[in-house]
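Analysis of the macromolecular model
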Amino acid sequence: MGWAVAVAVLLSASPGFVTRGDVTPEQDLRREAQAAWASLEAQYTAQAGGLPTRAPATVTLQKGTALSPERNAQGRPGLVELRQNTPGVLDARTRTALRHELAHQLLWWACPASSEDRLFHEAFALTVSGELPAWRDGPYQSLSSAAQAVASAPAMDTTRARRGLARILGEHTGFPAALTRRLRQCHDGARWAAPLTVEELADVAVLAPAPATVVVSRHSGEVLFSEGDVRRAVPYGSALKPFLYAAGDAPPLLAPRRGVQEWACGAGLPPKVDARLALLRSCNGWFLDWEATGLAPKAFGVWGPVLSAVGLTGLPSDMTEAIGLRSAHGLSPWGMAQAYRLLAEARPDVLALLTANVDEGTLSGLSTSKALKGVATKTGTVRDAASRPQLGWIAAVDADLVAVIVRPGKMPRHFVDELPTLLSRVRRQAGLDAARVQVLGLLPSATVEARCSGAGFSLEDGIPRAAPQDFSRLDALTSKGPAVCLGSPWRVRFPDGPDGGRDYAGVFTWSTPPPYRPPPGVPTTPSALKARRGSDFVFRTTRVQYTAGVVAAEDVTLQGEARVALARVAAHNERHAGSRHAGRALCDTTHCQAFRGTVRIRPEESRALQLPPLKWDAWLTFSQGGSTPWSEVRPRSEVEALLGTNLVSLRFEAGRVRYLRTEGTPAAPYEDARSLPCDTLRAGLKLPSCPQRASFDGPQVRFEGQGRGHGEGLDVEAAKASPGLSSDALLERAFGAGFRFTHPGNREKPAGTGRQ
């Protein structure tokens, strides 16, 4: 009775199946699809622990018109295309192909997080469709050759890849444990930060280790260099010991045990070894004895969820697995780099400790050690039963980069000389240092939301807390510490913002600016007050990412030398934030320079940051410029709200607005002459540029001018119209050879500086 009820419930959750009349008989096809779906749902529920509450979408079943010879079916969400060799006959091959494609449809509905994981999708479909026995028929295939066939296949639905995958799936009886773990992960709403690997599926390392190198930015998180299969999980040795240290609470002083192999970690150990020395010397015995006290963190403690989110294939059951003495689990070089990026953000004290590794630890006493001064490093070695090195790891972190190097058959000391060369090679990409910008200051903080499609974490006193998977308030994410998104940019949205939001590849922090008080007698609109106050959100990314974001926000159409010129100004101004917000980063409004998130870097931005720094020691202004005439009307009341009542005249010259106001009494009136920067009027009235003329027309004032912006510094439209000039020439024309400060401490500002 219970089974009948369950089947009825499953059938009620089945999608509607629509046929087109080109695969027949249609009624039998729909009936076959409904029965297959019910069976697939039952298998999914048994492994995942449940189904989504939302109903599945309609699935269209139709004849495939462009199927390759080795395919009997193919599909995409909501559509299954079938091959039918004989009209009116649903033969066994067609039924199997239908079940296989419906398995994919089921995952697209029930486990959308796995949509891009082609190995997981195909492994699930082969397992539940009933076709595994047929694929296993044929000549014997070793597990390693099957794994190689799967790993090297450009697509999972080829005959060679499916046969190899069937061999791997047949390694264990019953439903594959790796698929069960992933299905439960999906049903529980956990992140799908790393794709399923062949090793995870086989539950054993089946591919020979290969060299791999990856470098990511500490600031933006982007991959700056990658070589080899950096996404493949392999045993990690001692490389994760810093995460045990970071998770520990008051690690103890422990006495070395003489004659115990695990305590053979260098000569001259003191009578009591602390956690610092144990980490630098990579003393396995200390970590094992720490576990014996009952006080060591289990499964990496608070850092276990972080490591799982970046692809650790399983949490360790004891300390021998955690420190790599037993290679029960693996992590990819990419995942290792992401984890160290978050560790660097959360625990700078741990990174500072690891900088001593080249002096006192596993990389000391080498010719390369001096070249790595100031670089935090951790090594790991995976050994076989005869203690021969199978795999060596080096994780390194400096002020801007996280590098991970994995080499088969070598100990880290034998390839550490590659590290300085690698860091130097990556740093040829200009602008990898940090840039900071106050963002979203014109918006109420409570209205800004962010989502990380990778693995998002908020840091609280050095402890990582997983961010919600859906959009959540950015002020809540940053209330106790930085917010970091591993594996992707933050997606930020707010009311009346662009559909889908904006990308911000970097780190958010909360930093309340000091109160802003406008200068006496200077009219300031509410919007200008917000801009000059700054923002509670400070965003950190690379300087080249920041520069590209400014250029795209100011003029996305710029190309060539004009774009290089604007990029050089934007990067220069980021280093002169003090003239806009003393002691704080620049803002992202026109009070500083616009910035609406990170974008794809263009060659012009990279080239701009490879050129020498600009010689002017001042804030450099720029505007859209141009010569297009404009005319705008504003209520006289708005103008007088800015400049004061009883206006008599308005004129514009030398970047200022000069005006007369009637003062005094009716019996003794007089005219008072005043002036303000023209940009104060332009911004307050939201005029396209500083006007050239103004005329009174009863209750209104008509302004006329040309171009866009405040009209000072680099004229972007004029730069566009000068294709023969280099960026140097464009900047000299905009700012002049004499436009510079003398050395700080003896500053003398010449006329014509034109600060915004």
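Residues numbered from 1 in each chain as written. Predicted model: local features only at pLDDT ≥ 70, side-chain atom pairs only at ≥ 80, totals over all residues. Heavy atoms only, no water.

Points about the sheet that holds strand β24 (residues 656-664)
Spatial ordering of the open sheet is given by β23-β24-β25, a layout of three strands whose pairing is antiparallel. Looking along the sheet, the strands with just one partner apiece sit at the ends: β23 (647-653) and β25 (669-677). Averaged over all pairs of adjacent strands, the angle between strand axes in this sheet comes to 20°, irrespective of strand direction. Sheet analysis places β23 next to β24, joined by six bridges and oriented antiparallel. Pairing of Phe652 across the sheet is with Val657, part of β24. Against the sheet, helix α24 (residues 636-643) touches β23, β24 and β25, its axis set at about 75° to β23. Sheet strands in contact with helix α25 (residues 678-685) are β23, β24 and β25, and its direction is about 85° off that of β25. (Pairing = 2+ DSSP bridges. Helix = DSSP H or I, 4+ residues; strand = E, 2+ residues; numbered from the N terminus. Axes fitted to C-alpha atoms, helices over the stretch in contact; angles between N-to-C directions. Contact = heavy atoms within 4.5 Å.)

Side note on the nonpolar core
With 69 residues, the main nonpolar core has Trp286, Phe300, Trp303 and Trp393 as its most contacted residues. Per element, the largest residue contribution to this core is nine residues, and it comes from helix α15 (residues 333-346). Those residues within four positions of Trp303 in sequence are excluded, and the remaining contacts are Phe243, Ala246, Ala247, Leu342, Leu343, Ala346, Arg347, Gly462 and Pro464. Listed in part, the 53 residues of the second largest apolar core include Leu106, Leu119, Phe120 and Leu196. (Core = buried A, V, L, I, M, F, W, Y, C linked by side-chain atoms within 4.5 Å. Buried < 20%, exposed > 50% of the residue type's maximum accessible area, 1.4 Å probe, protein only.)

Some remarks on the side chain of Gln47
Tracing the sequence through the fold places Gln47 in helix α2 (residues 26-48). Exposure remark for Gln47: the relative accessible area of 18% places this residue in the buried category. Excluding residues that lie within four positions of it along the chain, Gln47 makes contacts with Phe175, Thr180, Leu183 and Arg184.

As for unusual backbone geometry
Looking along the chain, the bond that leaves Thr24 and enters Pro25 is cis, with omega of -5°. Tracing the chain through its elements places Pro25 in the loop between β1 (17-19) and α2. The backbone phi angle of Ala299 is positive, close to 55°, even though this residue is not glycine. Inspection of the secondary structure assignment puts Ala299 in the loop between α12 (284-292) and α13 (304-309). Despite not being glycine, Asn646 shows a phi value in the positive range, around 60°. With respect to the helices and strands, the residue Asn646 is situated in the loop between α24 and β23.

A word on helix α23 (residues 603-610)
Taken residue by residue, α23 has Glu604, Glu605, Ala608 and Leu609 as its buried positions. Looking straight down α23, one finds that the buried residues subtend no more than 130° of arc, so they occupy a single side. Those residues of α23 that are exposed and aimed more than 90 degrees away from the buried face are Pro603 and Gln610. (Arc of directions from axis to C-beta.)

Things to note about the packing of aromatic side chains
Aromatic ring pairs are defined here through the distance separating the ring centres and the angle between the ring planes. According to the stated counting rule, one finds 17 aromatic pairs in the structure shown. Ring pairing ties together the aromatic residues Tyr504, Phe508, Phe539, Tyr546 and Phe595, which thus form one cluster. Sitting above the plane of the Trp334 ring, Arg231 keeps its charged end 3.7 Å from the centroid. Across the ring face of Trp619, the terminal group of Arg580 is positioned such that the distance to the ring centre comes to 4.4 Å. (Phe/Tyr/Trp six-rings, centres within 6.5 Å; stacked < 30°, edge-to-face > 60°. Lys NZ or Arg CZ within 6 Å of the ring centre and 35° of its normal.)

Examining α15
Taking 1.5 Å as the rise per residue, α15 with 14 residues should run 20 Å; its terminal C-alpha atoms sit 20 Å apart, in good agreement. Here α15 lies mainly inside the structure; 14 of its 14 residues are buried. (Expected span 1.5 Å × (residues − 1).)

A closer look at the state of the cysteines
Applying the stated rule across the entire model yields five disulfides. Through a disulfide, Cys265 is tied to Cys283; the S-S separation comes to 2.0 Å. Linking Cys265 and Cys283, the disulfide has an S-S dihedral of approximately 95° and is accordingly described as right-handed. Here Cys283 lies in the loop between α11 (275-281) and α12 and Cys265 lies in the loop between α10 (241-247) and α11, a separation of 18 residues in the sequence. Neither residue differs from the other here; Cys265 and Cys283 are each classed as buried. Two residues share a disulfide in this structure: Cys452 and Cys485, whose sulfurs sit 2.0 Å from each other. (Disulfide = S-S within 2.5 Å.)

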